[in-house]
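Coordinates in review
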Amino acid sequence: MSGPSDPGVDAAGARADEVETAAAAPIVIPGGGEVRVGTASWTDPTMTATGVFYPVAARTAEERLQHYAATFPLVEVDATYYALPAASTAQLWVDRTPPDFVFDIKAHALMTGQGTETKRLPKSIRSELPEPVASKTRIYAKDLPDDLLDEVWRTFRQGLEPLATAGQLGSILLQYPRWFFPSSENRADIETTVERLDGWACAVEFRNGSWLNEKNAERTLRFLRDRTVAFVMVDEPQGFKSSVPPTIAVTSDLALVRFHGRNADTWEAKGITPAERFRYLYSREELGGWTEPIRHVAGEARDTHVLMNNCYANYGTTNARELAALLAGELSD
């Protein structure tokens, strides 16, 4: 892909220079709540490459997170989808960021009906896997005995406790796969998952458009609202079974909006990295189309989290700054 939506690092950087500090603090919407804008990664290799987003002097993980947290008040952690979090790592995140910096955490794959590589599970869980499950390269929650599945949930919660204790845990993002369609069984699964995360804010993102079609949309949103679970609003390519329309709805005190880019060519492509899948730089005009919807959302929610998932190089960080400037009225589209 090339053209306006993929102009390269230098062009994106030039746009970012105009709004360098725009997203550094939450944006207060008159008559509403706060809006935090950030990105869905701070560690992608295309982002940490020299001269892309981080200063040359920011060479260590600590220095990069400190620089990120001085630029944005919010980040999403994607690594927890692939590997269960460790409390020691979460404590480092707390130690390296301001006390009002917020982490949204993606739920582990096993928590949303998706598969995980067996070798990525902690040794304490792997060593207890029965045969033939232990020999599988990839396993699902249904493969696990109840006691080991309980241990997965316990480990996840324990690993994030430092964030929760510090008041820096935003939401747990429950991102369900394309094959997770509207049914009584799947609604019950969401309910059970939310119960297991009792005390923490939960947000649900669907990857099957039938949850929001004419037949199901009202029921879906009512289901989430009745359980005080945030509905994740999205901007993403349309025309696929995995496409969810850009529905605007607030179902809890916390509202989430995630931007995945609009690259239809890579949306369902196989064998590519997430950075390549979401490689798309929004124009200011495209971002401007979201300004009023987000302000409206912030008028209903106490906290609004806006996350750019187009984390190729500096595309997400540039768009996050631009969107923050647009919301604050500091930039015209």
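Here's a quick rundown of the structure. It should be emphasised that the depicted structure is a prediction, and the values quoted were computed from it without experimental measurement. (Residues numbered from 1 in each chain as written. Predicted model: local features only at pLDDT ≥ 70, side-chain atom pairs only at ≥ 80, totals over all residues. Heavy atoms only, no water.)

**Considering the packing of helix 1 (residues 9-17) against helix 13 (residues 315-327)**
Running from N to C, helix 1 and helix 13 point in directions that differ by 25°, and their axes come no closer than 9 Å. Comparing their axes, helix 13 and helix 1 come out roughly parallel. Here helix 1 and helix 13 pass one another in a crossing that is left-handed. Counted together, Ala 12, Gly 13, Arg 15 and Ala 16 of helix 1 and Tyr 315, Thr 318, Asn 319, Arg 321 and Glu 322 of helix 13 form the full contact between these two elements. Residue composition of the contact of helix 1 with helix 13, by class: three nonpolar, three polar and three charged. (Axes fitted to C-alpha atoms, helices over the stretch in contact; angles between N-to-C directions. Helix = DSSP H or I, 4+ residues; strand = E, 2+ residues; numbered from the N terminus. Parallel < 35°, antiparallel > 145°, perpendicular 65-115°, else oblique. Left-handed = near helix turned anticlockwise from the far one by under 90°. Contact = heavy atoms within 4.5 Å. Nonpolar A, V, L, I, M, F, W, Y, C, P; charged D, E, K, R; others polar.)

**Details of the layout of surface pockets**
The calculated volume of the second largest pocket comes to roughly 470 Å³. Those elements that place two or more of their residues in the lining of the second largest pocket are helix 7 (146-166) and helix 8 (184-196). In terms of residue count, helix 8 provides more of the lining of the second largest pocket than any other element does, six residues in total. Across the lining of the second largest pocket, the residue classes break down as ten nonpolar, six polar and four charged. (1 Å grid on protein atoms, 1.4 Å probe; cavity = no way out; pocket = protein on both sides within 12 Å on 5 of 7 lines; lining within 4 Å. Points joined across faces, edges and corners; volume = space filled by probe spheres on them.)

**Some remarks on the pattern of salt bridges**
Enumeration over the complete set of coordinates arrives at 23 salt bridges. Note that Glu 276 and Arg 279 form a salt bridge whose closest N and O atoms lie 3.1 Å from each other. In this structure Glu 276 comes out as partly exposed when scored by relative accessible area, which is 31%. Connected through salt bridges with shared partners, the residues Arg 15, Glu 18, Arg 284 and Glu 322 form a single ionic network. (Salt bridge = Lys/Arg side-chain N within 4 Å of Asp/Glu carboxyl O. Buried < 20%, exposed > 50% of the residue type's maximum accessible area, 1.4 Å probe, protein only.)

**Section: helix 1**
Along helix 1, the positions that sit buried rather than exposed are Ala 12, Gly 13, Arg 15 and Ala 16. Projection of helix 1 onto a plane perpendicular to its axis shows the buried side chains occupying an angular sector of 160°, all on one side. Turned more than 90 degrees off the buried face of helix 1, the exposed positions are Asp 10 and Asp 17. Here the buried face of helix 1 lies against helix 11 (284-288) and helix 13. (Arc of directions from axis to C-beta.)

**A closer look at the side chain of Ser 252**
Secondary-structure assignment places Ser 252 in the loop between strand 9 (230-235) and strand 10 (254-259). According to the relative accessible area criterion, Ser 252 is buried, its value standing at 11%. There is a polar contact of 2.7 Å between the side chain of Ser 252 and the backbone oxygen of Leu 254. When neighbours within four sequence positions are excluded, Ser 252 is seen to be in contact with Thr 228, Val 229, Ala 230 and Ala 301. (Polar contact = N/O pair within 3.5 Å; in protein donor to acceptor, adjacent residues only side chain to side chain.)

**Some thoughts on helix 9 (residues 217-226)**
Residues Ala 217, Thr 220, Leu 221, Phe 223 and Leu 224 constitute the buried set of helix 9. Relative to the axis of helix 9, the buried residues are bounded by an arc of 155° and lie together on one face. When the buried face of helix 9 is taken as reference, the exposed residues oriented beyond 90 degrees from it are Glu 218 and Asp 226. Buried residues in helix 9 make contact with helix 8, strand 8 (202-205) and strand 9. Positive backbone phi, approximately 55°, marks Thr 228, located one or two places after helix 9.

**Some details on the packing of aromatic side chains**
Inspection of every chain in the model, using the stated rule, returns 18 aromatic pairs. Judged by centre distance (4.9 Å) and plane angle (85°), the ring pair of Tyr 81 and Tyr 82 falls under edge-to-face. Using a relative accessible area of 15% as the deciding quantity, one classes Tyr 81 as buried. Summarising the aromatic geometry, the rings of Tyr 176 and Phe 180 are spaced 4.2 Å apart at their centres and angled 20° between planes, so their arrangement reads as stacked. When its relative accessible area of 1% is taken as the criterion, Tyr 176 is described as buried. Three or more aromatic residues link up through ring pairs in this structure, and these residues are Trp 42, Phe 53, Tyr 54, Tyr 68, Phe 72, Trp 93, Phe 101 and Phe 103. In this arrangement the basic side chain of Lys 106 is found over the ring face of Tyr 81, its NZ or CZ atom lying 5.8 Å from the centre. (Phe/Tyr/Trp six-rings, centres within 6.5 Å; stacked < 30°, edge-to-face > 60°. Lys NZ or Arg CZ within 6 Å of the ring centre and 35° of its normal.)

**Quick notes on the pairing of strand 4 (residues 102-106)**
Counting buried positions along strand 4 gives five out of five residues, so the element sits mostly inside the fold. Note: strand 4 against strand 7 (residues 169-175), three bridges, orientation parallel. Following the sheet pairing, Phe 103 is matched in strand 7 by Leu 169. (Pairing = 2+ DSSP bridges.)

**So, the nonpolar core**
Core analysis: the biggest nonpolar cluster contains 100 residues, and Ile 105, Ile 172 and Phe 259 have the highest contact counts within it. Here Phe 259 is in contact with Asp 235, Tyr 282, Leu 287, Trp 290, Ile 294, Val 306, Leu 307, Met 308, Asn 309, Asn 310 and Leu 323, once residues within four sequence places are set aside. (Core = buried A, V, L, I, M, F, W, Y, C linked by side-chain atoms within 4.5 Å.)

**Details of the pairing of strand 2 (residues 34-39)**
The buried fraction of strand 2 is high, at five of six residues. Both strand 1 (residues 27-28) and strand 2 contribute to a ladder of two bridges, which runs antiparallel. Across the sheet, Val 28 pairs through a bridge with Glu 34, a residue of strand 2. With antiparallel pairing between neighbouring strands as the criterion, strand 1 and strand 2 make up a hairpin whose turn holds five residues, including Gly 31 at a positive phi of roughly 75°. Of the strand pairs in this sheet, strand 2 and strand 11 (residues 303-308) are connected by six bridges, and their pairing is parallel. In the strand pairing of strand 11, Gly 38 is matched with Leu 307.

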